[in-house]
Every structure is written in structure tokens, then in C-alpha cells.
Amino acid sequence: MDEKKHVVVLGGGTGLATMLRGLKNIDGICLTAIVTVADDGGSTGRLRRSFHIPAMGDLRSVMIALAESESVLSNLMSFRFEESSETSELDGHNLGNLILTALTQTSGSFMEAISQISKVLNVKGDILPSTSQVITLFAEMEDGTIVRGESNIPKLRNRIRNVFYESEVRATQQALDALKSADYILYGIGSLYTSILPNLIIKEISDTIRESKAVKVYFCNAMTQPGETASYSMEEHVEAIKEHGENPVDIVIFANDEIPPEVIDRYEDTDAQRVAMRETEHDYVVVAAHLLRFDGGLVRHDSEKIQLIMEYLLQSEALLCLLPPM
């Protein structure tokens, strides 16, 4: 590629980190991750409540994923204090979360804390929170029940109608600027309603995505998620993205690997099923490819395979010709 392409990925959680571990190795792109800060559980939630700062757990995971190489510091950023026999204030806390909290306090800025750690880890790309506000995610279920808090949404095991914020959420200007300059906007792998959509329901972000001429790509989950997307097809995942802010989807990347029977057996007693493609015609391009690995008998996306499929998209002029005119 003669000119660098700007690739922006929106998401959160381990799925986004998996994608970024592959994407950071692609030559000729400028990579930006826009990360949700709606998490309110675990160490992240405790620090958020104590210091009234946005959730940093997903940001920390992204920093580690985008670090140029493994180092003592990157490993320490993942360290979690185990519960001890005696009650400790540190029990369950993640060291990386504590470091980010301390830097936010000393620098006076959440954005500056992210920038400082990113420089120390020598991350390959830019990491931006979707908002700098302390936000709470809500979900409305199909039976009308309202659930408060990102960590509580999957617990109800009900079908979700939509997710929303009660008050106006403003996007960071840096996130909006990145989207405006993007050539590709990727909706990352991960929990649909609690990792991807918390970014897309911020009105300024969805408005900017709709106005952008970038190619919008959704990397679809391989398995449904209990409490969020039970029995969802690929098409239903895409419809949820479109319905939450009218976010456009041009290309869907769909994993068509054959899952070994012994792996399927591990999911037999759960509410997780293989995400199926149920229709033959779509108003978006579907690219089916082998994208999975099965370490430990679980279905996971493979970072190297994500790198390969994204390199294919970046170089495939024939594929882009299939997209509708802008």
C-alpha cells in the first residue's frame, strides 16, 4: 500500500484486544481503538465509584494488546491481587487499573493518564475512550424490564430490546476526529450489547459514522452470548447495530470454521450456540473465512487470522466494488 489507511476499531473487552493483537502487525495502516468506558463491575467498578472516573478496565486491556512487545510492565498491568485470608483493600484489584487511577489523579486528566501509559508501553496505535464522562448503561428487555449497569445486563437472561443512557453522553473530540479521518471503521468482536453498542449509542459517534465515507466492517461473533444474544443469527447481530443509532454496515466478516465435536460438547449445557447465517441475500457484503482457534476446548477468534482477513480487505479492490455507492 502506497498510502497509509486509517483504521478505527470500536469495541471493548477481550474481543477488541484479540482483534488489535492482529491488526497492530499490519504494515501501512494508522490504527486507532475507540473503547467503551461503561463497565461498572469488578476492580474497574470499585475504582470508578471511589474516584468518580470513567471505567478503565477495557482501556487497560487494549493498551496491553497494542504494546509493541511483552515486557515486565505490560505483564504487571495485567496482574490482579488475589483474595487473601485476611480482608484487604487490594483484594480483586488489577494493578493496571490502580496505575491508571494514580496517573489520572496526578495528571488531573483521564486522557493524559492514557497517553502517558501508552508512551511507556510503546503502543502501536492510538487508544481513545469513547467518552470521558462517568456513564451508566441501561438495558430495556422485551418484557419491559429496565436493567441498570453494564455488569447486571447479562445476569437477567432475558432478551434485550435495546440499550441506552439516561442522560446525554458526549463523545471525546479525539474519537470524533479519528472517525472523520477513517478509511475503515470496524465494529469489533465482543459482547454486542455491553462492548460494541455502548460506543455506538453515543449520538455524536453514530452521527459521525453515518456521515463518514469509510468502509464499515462488522466482525461478527462466532458464538451467541447467554444473557445478551441467545439464539441470535448473524443477521440479528447486524440488525441490532443498525437499529441502535442507524449505524451502517457495509461488510460482515463471518467465521465459517468447522467446530470440532468435542468443543461443541463443552457448550452443550450452556445457552451459547454457534452463530448461524440464516439468509442467502443481504444488503451488505458477507466475507466468510476461517477465523477461529479452539485452545482449551473453547471457541475463540485468532489474532493472526484476523490480521490476514483485514490485509485481504485492504488490498481487495474487487471486493470494494461490490459495495453500494456512497
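Refer to the preceding data block for the structure.
Here's what I pulled together on the structure shown here.

Quick notes on the rules
- Residues numbered from 1 in each chain as written.
- Predicted model: local features only at pLDDT ≥ 70, side-chain atom pairs only at ≥ 80, totals over all residues.
- Heavy atoms only, no water.
- Pairing = 2+ DSSP bridges.
- Helix = DSSP H or I, 4+ residues; strand = E, 2+ residues; numbered from the N terminus.
- Axes fitted to C-alpha atoms, helices over the stretch in contact; angles between N-to-C directions.
- Contact = heavy atoms within 4.5 Å.
- Core = buried A, V, L, I, M, F, W, Y, C linked by side-chain atoms within 4.5 Å.
- Buried < 20%, exposed > 50% of the residue type's maximum accessible area, 1.4 Å probe, protein only.
- Phe/Tyr/Trp six-rings, centres within 6.5 Å; stacked < 30°, edge-to-face > 60°.

## Digging into the sheet that holds strand S7 (residues 184–187)
Part 1: The 7 strands lie next to each other as S3-S2-S1-S7-S8-S9-S10, forming an open sheet whose pairing is parallel. Looking at which strands have only one partner, the edges of the open sheet turn out to be strand S3 (126–129) and strand S10 (285–289). Direction aside, neighbouring strands of the sheet carry axes that sit 20 degrees apart on average.
Part 2: Of the strands in this sheet, strand S1 (5–11), strand S2 (29–35), S7 and strand S8 (215–219) are in contact with helix H1 (residues 13–23), which crosses S2 at around 170 degrees.

## A few points about the nonpolar core
Side chains of a nonpolar character, in soluble globular proteins, are inclined to be buried together.
Part 1: In this structure, Leu 20, Leu 23, Leu 186, Tyr 187, Tyr 218, Phe 219 and Met 310 are the most contacted members of the largest nonpolar core, which totals 104 residues.
Part 2: Here this core takes 6 residues from helix H3 (residues 57–66), the largest share from any one element.
Part 3: Setting aside residues no more than four positions away along its own chain, Tyr 187 makes contact with Leu 10, Ile 196, Leu 200, Ile 209, Lys 216, Val 217, Tyr 218, Phe 219, Ile 241, Asn 247, Pro 248 and Val 249.

## Quick look at unusual backbone geometry
Part 1: At Asn 122, a position not held by glycine, the phi torsion is positive, near 55 degrees.
Part 2: Mapped onto the elements, Asn 122 comes out in the loop between helix H6 (110–121) and S3.
Part 3: For Ser 231, which is not glycine, the phi dihedral falls at a positive 70 degrees.

## Some details on the packing of aromatic side chains
Part 1: Under the criterion given, the structure shown has 2 aromatic pairs.
Part 2: Centre to centre, the rings of Phe 138 and Phe 164 are 5.6 Å apart; their planes meet at 20 degrees, and the pair counts as stacked. One end of the pair, Phe 138, is in strand S4 (residues 137–141); the other, Phe 164, is in strand S6 (residues 160–165), with 26 residues separating them in the sequence.
Part 3: Using a relative accessible area of 7% as the deciding quantity, one classes Phe 138 as buried.

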